[in-house]
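# Fold and geometry: a report
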Amino acid sequence: MMRAASAAGAAAAAVVARGHSHCLWGGSESSEDSEHKQPVPIKCRDGTTVVPYVAPSRSKQLQRLKEDDFDVLVIGGGATGCGVALDAATRGMKTALVERADFGAGTSGRSTKLIHGGIRYLERAFWRLDYTSFELVQEALDERKHMLDAAPYMNSPLPIMIPIYQLWQVPYFWAGAKAYDVVAWLSGGANAVPMSYYISKQEAMFRFPMLKEDGLKGAIVYYDGQMNDTRMALTIALTAAQSGAAIANRVEVESLTKGGDGKLTGAVVKDVKSGREFRIKARQVINATGVFSDAVRKMDDPDAVDLMVPAGGVHIMFPDYFSPDRMGLIVPETSDGRVLFFLPWENGTLSGTTDSVTEITMAPQPTEEEANFILHESRKYLNAPVKREDVLAAWSGIRPLVRDPERLSEGTKALSRKHLVTVSDSNLVTITGGKWTTYRRMAQDAVDEALRVMGVAAGDAPKSQTRGLKLVGSDRAGVVCAGKFNSILVTLKGDFGLAHDVAKHLVRNYGTRALQVAEIVRQNKYGVTKDSTSRNDTFARRLSPRYPFLEAEVVFACEQEYAGTPIDILARRTRLAFIDSEAAKRAAPRVVIDAEP
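The rules we used
Residues numbered from 1 in each chain as written. Predicted model: local features only at pLDDT ≥ 70, side-chain atom pairs only at ≥ 80, totals over all residues. Heavy atoms only, no water. Core = buried A, V, L, I, M, F, W, Y, C linked by side-chain atoms within 4.5 Å. Buried < 20%, exposed > 50% of the residue type's maximum accessible area, 1.4 Å probe, protein only. Contact = heavy atoms within 4.5 Å. Salt bridge = Lys/Arg side-chain N within 4 Å of Asp/Glu carboxyl O. Helix = DSSP H or I, 4+ residues; strand = E, 2+ residues; numbered from the N terminus. Patch = residues over 30% accessible without salt bridge, like charges linked within 9 Å, V, L, I, M, F, W, Y side chains within 5 Å. Areas by Shrake-Rupley, 256 points an atom, 1.4 Å probe, with all protein chains shown as cover. Axes fitted to C-alpha atoms, helices over the stretch in contact; angles between N-to-C directions. Parallel < 35°, antiparallel > 145°, perpendicular 65-115°, else oblique. Left-handed = near helix turned anticlockwise from the far one by under 90°. Pairing = 2+ DSSP bridges. pLDDT = per-residue confidence, 0-100.

### A few points about the nonpolar core
Within the largest apolar cluster, 107 residues are counted, with the highest numbers of intra-cluster contacts made by Met 161, Phe 208, Met 232, Trp 436, Leu 492 and Leu 506. Residues within four places of Phe 208 in sequence aside, it is in contact with Met 161, Phe 322, Ser 323, Pro 324, Met 327, Gly 328, Leu 329, Phe 342 and Leu 382.

If you want it as C-alpha cells, here you go:
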C-alpha cells in the first residue's frame, strides 16, 4: 500500500518492456503536421468563439534551445521554475527552460493542493510575536488572490471546517479565523474568498456527515483555495511558451559553462529521450530546482555549503464518500502536534499531515509509520471505521526548507519558511524555499535579481508583468473570461454529447482548451474508423469506469502538453495514479501501444 502511487508506473513499465512502446497514438513530436498546425476557432452554443492555443512541438522547442542565444536559462520545471520562465518571457527577455524529468514531476506535483496563506503560521506569529511569520502569511494571502484569478477554471475557493470539541476553543478559533480574514484584507486579497464564520453542531454534522458527533460543540469554517497542482505547473509552463519561452521536459543539465572571466555562459544539457548532448547559450542562469538546488549549486561551485533541509509530507487518498464535495476538514493539532486534513479532490478525499524529516529523492515514498499514523488519527475524528482497504493511493512530497546562509551557525534556528535568492561568484542565481502559493512572487524576485546581476539599472529594468496575468485556458486575450466557463460546460454536454461529470472535469482542468479535447472525440482523428458521432467512439471512452478521464486526453496530452511516457499521462496529466493506483494500473495498457508485440 505504501507504494500505491507508483503502481501505475510499474504497470506502464511492464507494458513498455514488451516492445518499443510509446504513448497511445504517438508522442508529442510524432506527427509532421504538428509543426504546421494553426489554431481552429471553436464556437460555443451562446455564440462565444474560442481560439485555442496550439503549443509548439517538442522538436521545435529543442531546435530553439540548440540554435538561439538566450537572455535567461531556467533550470527546473516545477512551479517556481515555470513561474520564472513566465516572468522573464513576459518582460521581453529571451527565455529558455529545461526540466530533467516532467513538468511538475517533483515537489510541485505532490503538495496538499491548497492555495493558502498558512493559518497556523498566523497563530505562531501572534503567540511568538514573530513578524517574519506574519509577513509570510500576508504575502501568501496576497498571492492566493492572484492564483485564484489567474486560472479560475482550475483554482477555486474551498471552505474548510475546524471541528470544535471544547467550549474554550470556540472564541479561540473564531478569533484566529477572523484574524486570517483581516490579514487577507490588509494584503489586498479580501475579496478572493468568502469570510469565515461559526456554525452549530447540527449544521457541522449536516455539512460533514462523516464527522464524529460525540463531544462536538460546533465548528469554524474558513476559506482557502484549492488547485490541481501538477496541471497548474504545466499550465504556467505552457503560458510561458505562449509568451515566447523555449521550454522542454526531459532535458538534463550535465554541466554549467563559464567564460574566461569565470562567469556563467549557459549549460551543456542532454536530451534524455535521444541521449544527445548540446549546449544552451545564455547570459544568465537561474537555478529553480527546489530540493535539488544544492546539487546545481555544487555543479557551479563544489565547495558550496548545503542550504536545503528537506521536509516530507505524507498524503493518502480515500474514496470520495469520506468528505463532502465542497467542504474540507482540518484538525489543527493531532496527538503529536501536527495537522490532519481531509480535502475533497478529483473525485476522492485527500488526507495527510505536515512536515517530517526525510531524504532528498525524486520519488519519495510514504512510510508505514506515517501512513498508520494518518489512519489512527482519522479514526478519532470520523464516525466510520477507517481501514487500510479504504486507501486508494498514497504518496509523499518533499518541501524545500532552506537555511539562511548568513545564519548557518544557529543550526535549526536558521531554517526559514520564506524564499531565498542567492547569487554565486559566477553569477548563478538560485531561488529556493517558499511555498507553492508564492511561486509568482518568488519568480519575480529571482528575475529582478538576475537583471541586477546582468547589470541592468533598476530604473531601466523591465517590470514584472505576471500580476493579474491570465494563464492558458483562461483566454488571456479576453475572448472568454471566468463568467463564460458555464457556456463551455453546456457546449460540451449539448454539442459534443459528453456526460456531465466528464464535461465538468474537462472544464475544471483545461478551461477553454476543454473544447480542443472534445474536438478530438468529435473529429475521430488518427485513423480510427468508427462513426465519430457515436458515444462509443474510441476517444470518448473512459480510462477507468469510475473516473471522468477520457482517451481523448491521452491524445491531447501527447500532442499539446509534452507528455512522452505513460506515467506522464497517468500521474500528471490525468492524476489517476495519485487518485486510485489500482485503477491507474488497469488503465496503463490503454495508454500504451506495443510497436513490436
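Read on, since the account is not over.
### Brief notes about the pattern of salt bridges
Under the defined criterion, the tally for this structure stands at 41 salt bridges. Between Asp 271 and Arg 58 there is a salt bridge; the shortest N-O distance is 2.7 Å. Of this pair, Asp 271 sits in strand E12 (residues 264–271) while Arg 58 sits in helix H2 (residues 58–67); the two residues are 213 residues apart in sequence, bridging distant segments of the chain. You can call Arg 58 buried: its relative accessible area is 2%. Between Arg 572 and Asp 568 there is a salt bridge whose closest N-O contact spans 2.7 Å. One end of the pair, Arg 572, and the other, Asp 568, are both in helix H16 (residues 566–573), 4 residues apart, so they sit about a helical turn from each other. Asp 568 matches Arg 572 in its accessibility class, with the two residues each being buried. Several salt bridges converge on common partners, so that one network encompasses Asp 102, Arg 250, Asp 568, Arg 572 and Arg 573.

### Overview of unusual backbone geometry
Of note in this structure, Leu 129 is not a glycine but carries a positive phi near 50 degrees. Tracing the chain through its elements places Leu 129 in the loop between helix H4 (119–128) and helix H5 (131–150). On the accessibility criterion, Leu 129 (77% relative accessible area) is exposed. Backbone geometry places Tyr 562, a non-glycine residue, at a positive phi of 60 degrees.

### Comments concerning a nonpolar patch on the surface
A cluster of nonpolar side chains, namely Val 182, Trp 185 and Leu 186, defines an oily patch on the protein surface of about 340 Å² accessible area. For Val 182, the location among the structural elements is in helix H6 (residues 169–186). Residue classification places Val 182 among the partly exposed residues on the basis of a relative accessible area of 44%.

### Here's the deal with the packing of helix H12 (residues 485–494) against helix H13 (residues 500–510)
At a minimum axis separation of 9 Å, H12 and H13 run at an interaxial angle of 140 degrees. Relative to H13, H12 is oriented oblique. Crossing angle aside, the handedness with which H12 passes H13 is right-handed. Mapping the contact onto sequence places Phe 485, Ile 488, Leu 489, Leu 492 and Lys 493 in H12 and His 500, Ala 503, Lys 504, Leu 506 and Val 507 in H13.

### Here's the deal with the pairing of E12
Side-chain direction in a regular strand flips from residue to residue, so the side chains alternate between the two faces of the sheet. In the sheet, strand E11 (residues 251–258) pairs with E12 via 7 bridges, with the strands oriented antiparallel. Counted as the bridge partner of Thr 257 is Gly 266 from E12. Taking the residues between adjacent antiparallel strands as the criterion, E11 and E12 are bridged by 5 residues, where Gly 262 takes a positive phi near 85 degrees. Relative to strand E13 (residues 277–287), E12 is paired through 5 bridges, and the arrangement is antiparallel. Residue pairing across strands places Val 268 opposite Arg 279, the latter belonging to E13. Hairpin connection between E12 and E13: a loop of 5 residues separates the two successive antiparallel strands, and Gly 275 in this loop has a positive phi of roughly 80 degrees.

### Topic: the confidence of the model for the protein chain
Within the protein chain, residue pLDDT values average 87, and 86% of them lie at 70 or more. Long-range and interchain partners of residues 1–34, a stretch whose pLDDT sits below 50, account for 86 contacts in this model, where long-range means more than four residues apart. Confidence drops under pLDDT 50 across residues 476–482; counting only partners more than four residues distant or on other chains, this segment forms 17 contacts.

### So, the pairing of strand E15 (residues 328–331)
Side chains Gly 328 and Ile 330 of E15 all project onto a buried face; the interleaved residues Leu 329 and Val 331 project onto the opposite face, where all are buried too. Inspection of the sheet shows strand E7 (residues 156–164) paired to E15 by 2 bridges, in the parallel sense. Bridged to Ile 160 within E15 is Gly 328. Both E15 and strand E16 (residues 340–345) contribute to a ladder of 3 bridges, which runs antiparallel. Its bridge partner lying in E16, Leu 329 is registered against Phe 342.

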